[in-house]
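Structural description and commentary
Next come the chains, spelled out residue by residue.
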Amino acid sequence: MEKTLDIAPKLGKLLFIEALRQRRVTLIRVMETIVQMQQNYFLTGQLETLRPMVLQDVADQCGYDISTISRVSNSKYVDTDFGIISVKELFTTAISDADDNLVSNAAVMDALREVILQEDKKSPLTDEKLAVIMKEKGFPIARRTVMKYREKLGFPVARMRKEL
């Protein structure tokens with residue numbers, strides 16, 4: 001009976017080491033897939049090169065369950081030539097542009113950020129005016145979408161952005 005008790009701690013350590021090895025393999029496999037799918041982004045660092053990609057896309061490529069992809073990508077960061085970024089930032093949904101090409105919502109948000117940063121601070125643009133400008137730039141998004149993206153970007157409403 002004493003010999004059985006001696007094996008238990010060793011078996012526990014082996015199982016723990018194997019679990020760590022499997023976690024590492026899973027993380028590497030998922031990250032390789034993400035890098036492959038977002039290759040242009042990793043080469044340039046420009047948000048507009050992010051292609052639409054959701055958890056299910058990576059799960060299909062890797063052969064893992066979507067919950068595994070979510071767990072692996074949550075609270076993880078990747079060090080790139082252009083800074084440290086959250087893995088979750090690489091997942092974007094698609095929006096059709098004026099030419100019916102799919103564009104990631106990150107690229108649309110980046111374009112919206114530029115418009116807001118370049119606006120006249122004495123007369124900031126309303127969400128309605130921002131929606132018109134975004135449509136002119138080739139991103140036909142609704143006022144409600146502008147509001148949602150503006151809030152995600154951390155910009156307040158027009159009257160709160162006004163400077164004297």
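Owing to the predicted nature of the structure, the values given are computational and were not obtained by experimental measurement.

**Re the confidence of the model for the protein**
- Of all residues in the protein, 97% have pLDDT values of 70 or greater, and the mean over the chain is 90.
- In the model of the protein, strand β3 (residues 94-96) stands out as the element of lowest mean pLDDT, 79, in contrast to helix α3 (residues 55-62), which has the highest, 95.

**Things to note about the packing of aromatic side chains**
- Across all of its chains, the model carries 2 aromatic pairs by this definition.
- On the numbers, 5.7 Å between centres and 70° between planes, the contact of Y41 with F42 is edge-to-face.
- Under the relative-accessibility criterion, Y41 is labelled buried at 5%.
- Its relative accessible area of 17% is what places F42 among the buried residues.
- Measuring from ring centre to ring centre gives 5.2 Å for Y41 and F82, while their planes differ by 80°; the resulting arrangement is edge-to-face. Highlighted residues: Y41 in helix α2 (residues 39-44) and F82 in the loop between β1 (77-80) and β2 (83-86), separated in sequence by 41 residues.
- Clustering of aromatic rings is evident, with ring pairs tying together Y41, F42 and F82.
- Stacked on the ring of Y64, the Lys or Arg R29 has its end atom at 4.6 Å from the ring centre.
- Between K88 and the ring centre of F91, over which it is positioned, the NZ or CZ distance is 6.0 Å.

Calculation notes
Residues numbered from 1 in each chain as written. Predicted model: local features only at pLDDT ≥ 70, side-chain atom pairs only at ≥ 80, totals over all residues. Heavy atoms only, no water. pLDDT = per-residue confidence, 0-100. Helix = DSSP H or I, 4+ residues; strand = E, 2+ residues; numbered from the N terminus. Phe/Tyr/Trp six-rings, centres within 6.5 Å; stacked < 30°, edge-to-face > 60°. Buried < 20%, exposed > 50% of the residue type's maximum accessible area, 1.4 Å probe, protein only. Lys NZ or Arg CZ within 6 Å of the ring centre and 35° of its normal.

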